[in-house]
Each structure stands twice: as structure tokens, then as C-alpha cells.
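Residue-level listing of the chains:
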Amino acid sequence: MSSENMNLTLKVWRQRNGQSQGSFETYQAKSVSPDMSFLEMMDVVNEDLIKGGKDPIAFDHDCREGICGTCSMYINGRAHGPVKGVTACQLHMRSFIDGETITIEPWRATAFPVLKDLIVDRSAFDRIQQAGGFVSVNTGSVPDANAIPVAKACADEAFNSAACIGCGACVAACKNSSAMLFVSAKVSQYAMLPQGDVERKDRVIKMVSQMDEEGFGTCTNTEACEAECPKGISVTNIARLNREYLRAKLTE
Amino acid sequence: MGSMLKMLNSSIGQKVIMSLTGLFLCSFLLVHVSGNLQLFKDDHGLAFNQYTVFMTTFTPIKIVSYLLYATILIHAINSLLLTMANRKARAVGYQSRKDPRSSSWASKNMGILGTILLIFLITHMANFWYQYKFGDTPWAEYSVDLNSGMVLGEPIVIEGEDLHPHEYVRTDASGNEVNVVVVKNLYAVVKEAFTQPLLVVLYLIGMIALAYHMVHGFQSSFQTLGIRHNTYTPLIRGIGIWLFGIIIPLLFAAMPVYFFLQL
């Protein structure tokens, strides 16, 4: 691990608000520790901007542990940057070279309008989730833990799909800004469990219909989403979504 | 019915249309390449010309051929609509886009490949389909020795009004029974067309586009239909790459090359 601090040039997308025209601004990030996370490096740059009386770069962040799905940066042409399987907050500066120019852009999708700088409005994902991404249960007393048997393989698969943190990297990476990987993960995590089975047809129809309404693109099976997903959600989910949707539509 | 139309109008429904029409066109490729292998037969084009008569007069085939033209149009128009919708889904692009290496080039360029194929198809139809149906394709009279089954030399060019494909048996001077076959000589049109270097190059470009289009399209259509399996998906990918992506385009490409080099 190199311990030498780095000097970097940042090309950052700056946009005052959703209505204004944005443009790239260049900043110098000096003496950056290779052990910093990408967001910590951004914090240092922002400190300098604030000290200089300038507007800091707005970017989304929350847990900084790679599990909340809030950070959303398109770094050097890749969603969440050059390292596979991590979010921007878990990306370390040792993945970059001293003197490098780093281009930082917001997620680009019509369904994810830019709010300010690198922050986009991802409430389209919330609306898709609200359309059917839940299980209707009676909130009574706690049910017996083993009353409904679940096969281990199904539980594992459902869990793999449920690992989706809804960050939107799939949409950002897709050439069509398609939300199929996200929606497929959300449909899959319920479809494979007996609790979700009851509403599976209604769920998939409503979620796909909401996805279309939000203006996401269609799936061309380039599989860029799977390659860029920080949680390694597989495109097997997309096949399952197609299957669930066709079955629901042909048998409803 | 209303529900079905609504489904086909959804994003997944539109992809299903691409998938099903695409797979139907794949099945056509199999038939087309098998039939056209008769061009390589050393019989002055008799088998190929008789096959052409069958393909243009047998009613079930005629019905399927109209279905085929409609399928090509639906596949092309729907892809255009999808491409426009997908462009709209990303109104502002990236400045520093790097696609992951795992995304195949073909998967990202199906529209361009399809456009090349459409241009190829229009030229191809003009070259042969139009020539056969409406152009001045010459008529030929073949003689086949009924004992040996051998085609007796180059066919004779015949002219006249109201010619139609037919055959009859006559006995020649030395008492041999000879089958006389009168057909439109599309084989001669094919042979003539592929003496033009530019046309041969266009056909080769068309087949390269077909190869890439198939390598992605065949397996992608199964994914769209939700068919994905640990054992069968690698098999489907294999068929897509080897049969539809390599063997079929190579066999098609061999046809213009065969005539151009006068093998």
C-alpha cells in the first residue's frame, strides 16, 4: 500500500438546480491520502471550497459503509468508479494514480433528474417500490417462526436479490437507462418466498407498469448493469422478471 | 385481447416482440441457407431453379413468406421505436463513458447492425426476388437423362410469351428417355450478379453484420422470454455463436465468393 499522498485534478459536473444548465468545473485535490475513501477526498475538496467562500460540491452520501445506496457518482466513466463490487463511499483513493485527472458526473437518466451538482432525484425507485414491492401482512401477534417452510436454496436466492441497495448504478451504467436490474431484484426477492408468492402477479404487473411510467429505457441485455452493480445482483433476476411478467400477463 | 395488446405495449412486451420476431427470422435463416446450398450443386442450377419454383408456388410456403415480410417490418419498426424511447430515457449523456468489458460490442450496436442488415435485405430483394417476380429472368430448358439422372449440359435459353414451369419426358435419337424441365433460370441471375465485385463486397459486409447480430440476438431473445437455466443457457449461447453467428453467415458468404471466383 502506497503511503505517499497524491495530487489529483477533478473535473466535476456543477449544476445550480434542475432548471439551470450545468458544466464541468476543474478543482485541485492536493495531498490526498491513498487511505481516504472517495467521499472523504470530496469532503477535503469541499472544505477548501467553503474556506474560499465558494459553494461546495453537492453529492449524496449517508452511511458510508456501502449498504445504504445513497452515494451516486459516475467516476471516470463508471458507476461508483473503477473498482468492481463497491459503492463510491467504499472506493479508496489508492485505486487512483498520483497526478490523475478524475471526471465525476451525476447518474444520467431522464427518470433521475439532476437536483444539484452530483445529486439526482431517485424517487422514481421509491414509487416503483411503493407500486408493489411489499408483502401485505396482518400485523397481529408474532407468527410462529417455522410455520411456513422455506427451502434453503430459495431463501438464499431471495436473499441475494434482496442485497440490492437501490443505488441506481444499474440505471447509470445501462446505455438505455433501464431500471430492469433494480426492478427484477425487487420482484425476485418476494417471488421466491412463500410470503411473497400470494401477490406475485399483481406485484410484477404494477411494478413494471410504474417502471414504464417513470420513463426508464428497455433492456437490451448488454449486462452492463450486472458488471457495475456494487452488490453483484445478477441478470438472472432480469430473466426471472420477464418470466414473472409474462406469466402474470398471460394468466391474470 | 385488450389485455394482450396492453402487455405488448409495455417495455417488456415490446422486447418480447423483438424476441419472437427475431427467433422466427432465425428459423427462416436455417431454411434459406439449407435451400440455397443447392447453388453449390454441380447441375447447372437445375435443383436450385426447381427449388425456386417450389418456394414461389407452394401455397403454405407463400403464406409463410408473407408472414416473413411482415415479421421483418415489425422487427425493424419496433426496434426503431425502442431505440427512440431508449434515447429519450437518457436525454443527457456522459462525457466520460466507459462500458464494462463484459458488455459485448454486438449487444451495444444491434441497431447499427440491424440497419446494415436492412440495407442488405433491400438490395438482396431487388437483386433476386424482384428480378424473379417482375424482372426479365430468362427461361431455361434442361435435359436430364432418366437412366443416369445426369443433367445433360448447360440449359437452352428459351423465349416466348406465357411460359410456365413444366416438365415432360421425350425419347431422343438414340432411344434414351430424357426428362425435359422448363424453369425460370434464377441460377443464371445469381451467377451473373456475383461477377460484380461491389455486390460481392456488400454481401460480405451484410454477412459480417448478420454474424454479430446473431451472436447477441439469439441468446438475448431467450433471456427476454425469461428462459435462463444453468445447463441450457450455455447451450443456447453456444448455438447462437456457432450455428447462427459463424456457420450460417459463413455458408451464405461462401455463395457470392463461389460465383465470383468461378469455382
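(A) Examining the state of the cysteines more closely. Residue and element names in this part refer to chain A. In this structure the tally under the stated criterion is zero disulfides over all chains. The cysteine Cys219 is free of any disulfide, with Cys225 supplying the nearest cysteine sulfur at 6.4 Å. Judged by its relative accessible area of 14%, Cys219 is buried.

(B) Quick peek at the interface of chain B and chain A. At the interface, 33 residues of chain B touch 48 residues of chain A. Note on chain B versus chain A: buried area summed over both sides is about 3400 Å², and carbon and sulfur give 49% of it. Along the contact surface separating chain B from chain A lie one salt bridge. Put simply, B:Arg237 and A:Glu223 hold a salt bridge, and the shortest N to O gap is 3.3 Å.

(C) Representation of a nonpolar patch on the surface within the structure. Residues B:Leu73, B:Ile77, B:Leu80, B:Leu81 and B:Met84 make up a contiguous nonpolar surface patch of roughly 510 Å² in combined accessible area. The partly exposed category is assigned to B:Leu81, whose relative accessible area is 42%.

(D) Fine view of the environment of B:Gly149. Relative to the helices and strands, B:Gly149 is located in the loop between strand S1 (139-145) and strand S2 (156-158). Along the backbone, B:Gly149 and B:Asn179 are 30 residues apart, and their C-alpha atoms lie at a distance of 9.1 Å.

(E) Local environment of the domain arrangement of chain B. Residue and element names in this part refer to chain B. Along its sequence, chain B is carved into domain 1 (2-89 + 105-136 + 191-260) and domain 2 (139-184). Centre-to-centre, using C-alpha coordinates, domain 1 lies 35 Å away from domain 2. Contacts between the two partners involve 10 residues from domain 1 and, on the opposite side, 11 residues from domain 2. Between domain 1 and domain 2 the total buried area reaches about 890 Å² when both faces are included, carbon and sulfur atoms providing 61% of it. Interface area lost by domain 1 to domain 2 is led by His44, Leu46 and Tyr132, which between them contribute 56%.

(F) Local environment of the pattern of salt bridges. Residues and elements named next belong to chain A. Taken as a whole and assessed by the stated rule, the structure comprises 18 salt bridges over all chains. The shortest N-O distance in the salt bridge between Arg14 and Asp117 comes to 3.1 Å. Here Arg14, found in strand S1 (residues 6-14), pairs with Asp117, found in the loop between strand S6 (114-116) and strand S7 (119-120); they are 103 residues apart in sequence, far enough to count as distant. We note that Arg14, like Asp117, is buried. Here Glu244 ties to Arg200 by a salt bridge, and the two come within 2.4 Å at their closest N and O atoms. Of this pair, Glu244 sits in helix H9 (residues 236-251) while Arg200 sits in helix H7 (residues 200-213); the two residues are 44 residues apart in sequence, bridging distant segments of the chain. Owing to a relative accessible area of 8%, Glu244 belongs among the buried residues under this scheme. Where salt bridges share partners, they join Arg14, Asp55, Lys116 and Asp117 into one cluster.

(G) Focus on the packing of helix H2 (residues 11-36) of chain B against helix H8 (residues 197-224) of chain B. Residues and elements named next belong to chain B. At a closest axis distance of 9 Å, the pairing of H2 and H8 adopts a crossing angle of 125°. Taken as axis vectors, H2 and H8 run oblique relative to one another. Like other packed secondary-structure pairs, H2 and H8 cross with a definite hand, here left-handed. On H8, the residues touching Lys15, Val16, Ser19, Leu23, Cys26 and Leu29 of H2 are Leu210, Met214, Phe218, Ser221, Phe222 and Thr224.

(H) The arrangement of the sheet that holds strand S4 (residues 78-79) of chain A in detail. Residues and elements named next belong to chain A. Within the open sheet, the five strands sit side by side as S2-S1-S5-S3-S4. Their pairing is mixed. Of all the strands in the sheet, the pair left with one neighbour each is strand S2 (23-32) and S4. Two strands pair when backbone bridges link them, and strand S3 (residues 74-75) and strand S5 (residues 101-105) are joined in this way by two bridges, in the antiparallel orientation. Looking across to S5, one finds that Ile75 is bridged to Ile104.

(I) The arrangement of the confidence of the model for chain B in detail. Here chain B shows a mean pLDDT of 94. Residues at 70 or above account for 100%. Across chain B, the secondary-structure element scoring lowest on mean pLDDT is helix H1 (residues 2-9) of chain B, at 78, and the one scoring highest is H8(B), at 98.

(J) View of the domain arrangement of chain A. Residue and element names in this part refer to chain A. Domains assigned within chain A are domain 1 (6-105) and domain 2 (123-251). Placing the centre of domain 1 and that of domain 2 at their C-alpha centroids yields a distance of 30 Å. Facing the 13 residues of domain 1 at the interface are 11 residues of domain 2. With both sides pooled, the region where domain 1 packs onto domain 2 buries about 860 Å², and carbon together with sulfur makes up 48% of that total. Across the pair Glu228 and Arg78 runs a salt bridge, and its minimum N-O distance is 2.6 Å. Along the contact surface separating domain 1 from domain 2 lie three residue pairs in polar contact (both at pLDDT 80 or more). By residue class, the composition of the side of domain 1 that touches domain 2 is six nonpolar, five polar and two charged.

Cut-off values and rules
- Residues numbered from 1 in each chain as written.
- Chains lettered and ligands numbered in written order.
- Predicted model: local features only at pLDDT ≥ 70, side-chain atom pairs only at ≥ 80, totals over all residues.
- Heavy atoms only, no water.
- Disulfide = S-S within 2.5 Å.
- Buried < 20%, exposed > 50% of the residue type's maximum accessible area, 1.4 Å probe, protein only.
- Contact = heavy atoms within 4.5 Å.
- Buried area = accessible area lost by both parts, 1.4 Å probe.
- Salt bridge = Lys/Arg side-chain N within 4 Å of Asp/Glu carboxyl O.
- Patch = residues over 30% accessible without salt bridge, like charges linked within 9 Å, V, L, I, M, F, W, Y side chains within 5 Å.
- Areas by Shrake-Rupley, 256 points an atom, 1.4 Å probe, with all protein chains shown as cover.
- Helix = DSSP H or I, 4+ residues; strand = E, 2+ residues; numbered from the N terminus.
- Domains from an automatic or database assignment.
- Axes fitted to C-alpha atoms, helices over the stretch in contact; angles between N-to-C directions.
- Parallel < 35°, antiparallel > 145°, perpendicular 65-115°, else oblique.
- Left-handed = near helix turned anticlockwise from the far one by under 90°.
- Pairing = 2+ DSSP bridges.
- pLDDT = per-residue confidence, 0-100.
- Polar contact = N/O pair within 3.5 Å; in protein donor to acceptor, adjacent residues only side chain to side chain.
- Nonpolar A, V, L, I, M, F, W, Y, C, P; charged D, E, K, R; others polar.

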